[in-house]
Amino acid sequence: MDNNGQILSFSGRIRSIRCAVQGICTVFCSQHNAWVHTAATILVVAAGLFFRLRADEWCWITLATVSVWTAEALNTAFEFLTDVASPEFHPLAGKAKDVAAGAVLISAAGAVIIGLLVFGPRLMTFIRGMA
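A few points on the structure.

Calculation criteria
Residues numbered from 1 in each chain as written. Predicted model: local features only at pLDDT ≥ 70, side-chain atom pairs only at ≥ 80, totals over all residues. Heavy atoms only, no water. Helix = DSSP H or I, 4+ residues; strand = E, 2+ residues; numbered from the N terminus. Buried < 20%, exposed > 50% of the residue type's maximum accessible area, 1.4 Å probe, protein only. Salt bridge = Lys/Arg side-chain N within 4 Å of Asp/Glu carboxyl O. Expected span 1.5 Å × (residues − 1). Contact = heavy atoms within 4.5 Å. Axes fitted to C-alpha atoms, helices over the stretch in contact; angles between N-to-C directions. Parallel < 35°, antiparallel > 145°, perpendicular 65-115°, else oblique. Left-handed = near helix turned anticlockwise from the far one by under 90°. Nonpolar A, V, L, I, M, F, W, Y, C, P; charged D, E, K, R; others polar.

1. Here we look at the side chain of Glu57
Within the fold, Glu57 resides in helix H3 (residues 55-85). Glu57 sits in the buried class, given a relative accessible area of 9%.

Here you go:
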């Protein structure tokens with residue numbers, strides 16, 4: 001049973017998944033930064049395939065990528081909720097949005113560091129091989 005006393009059903013789970021996918025689509029359609037994250041994700045996956053990353057390296061890259069996407073989705077949710085709670089500008093609402101955006105920046109910076117640690121040595125070897 002769920003919190004409302006309803007019996008959990010398969011159709012209810014399908015409906016939940018449908019809503020979650022709709023939320024992901026909302027992030028893609030409403031956030032320009034999601035397009036940047038998409039381009040970065042494609043570039044990183046292509047580089048990973050090119051450099052033939054090991055499974056453990058893919059784990060780090062996946063963790064970093066999912067972290068950024070999760071932060072972006074939560075940031076989008078905070079923005080929507082803040083707009084509903086405070087339709088007119090309020091300094092605290094602005095701070096809430098800034099903090100949520102900061103979380104995305106922290107996550108992205110961490111992803112860049114992981115990317116440098118994973119790809120850096122391979123990239124240096126590749127560049128040396130070209131010279």
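After that view, the rundown keeps rolling.
2. Examining the pattern of salt bridges
This model, assessed by the stated rule, comprises four salt bridges. In this structure, Glu57 and Arg54 form a salt bridge, with 3.4 Å as the shortest nitrogen-oxygen distance. Taking the shortest distance from any N to any O, the salt bridge between Arg122 and Glu57 comes out at 2.5 Å. A residue pair is termed long-range when its members are at least 10 positions apart, and Arg122 in helix H4 (residues 91-130) and Glu57 in helix H3 qualify at 65 residues.

3. Let's talk about the side chain of Asn75
Turning to its location among the elements, Asn75 is positioned in helix H3. When its relative accessible area of 5% is taken as the criterion, Asn75 is described as buried.

4. What to know about unusual backbone geometry
Even without being glycine, Arg52 reaches a positive phi, approximately 50°. Considering the arrangement of structural elements, one finds Arg52 in the loop between helix H2 (32-50) and H3. Judged by relative accessible area, Arg52 falls into the exposed class, the value being 71%.

5. Remarks on H3
Since one α-helical turn is 3.6 residues long, residues separated by three or four positions face the same way. In this model H3 runs 44 Å from its N-terminal to its C-terminal C-alpha over 31 residues, within 8% of the 45 Å that 1.5 Å per residue would give. Among the structural elements, helix H1 (10-30), H2 and H4 are those in contact with the buried residues of H3.

6. Quick word on the packing of H2 against H4
In contact at an axis separation of 11 Å, H2 and H4 are set at 25° when each is read in the N-to-C sense. In this view, H2 runs roughly parallel relative to H4, as classed from their interaxial angle. The hand of the H2/H4 crossing is left-handed. On H4, the residues that touch His37, Val44, Ala47, Gly48 and Phe50 of H2 are Val104, Phe119 and Phe126. Taken together, the residues of the contact of H2 with H4 sort by class into six nonpolar, two polar and no charged.

Coordinates in, geometry out; function isn't part of it.
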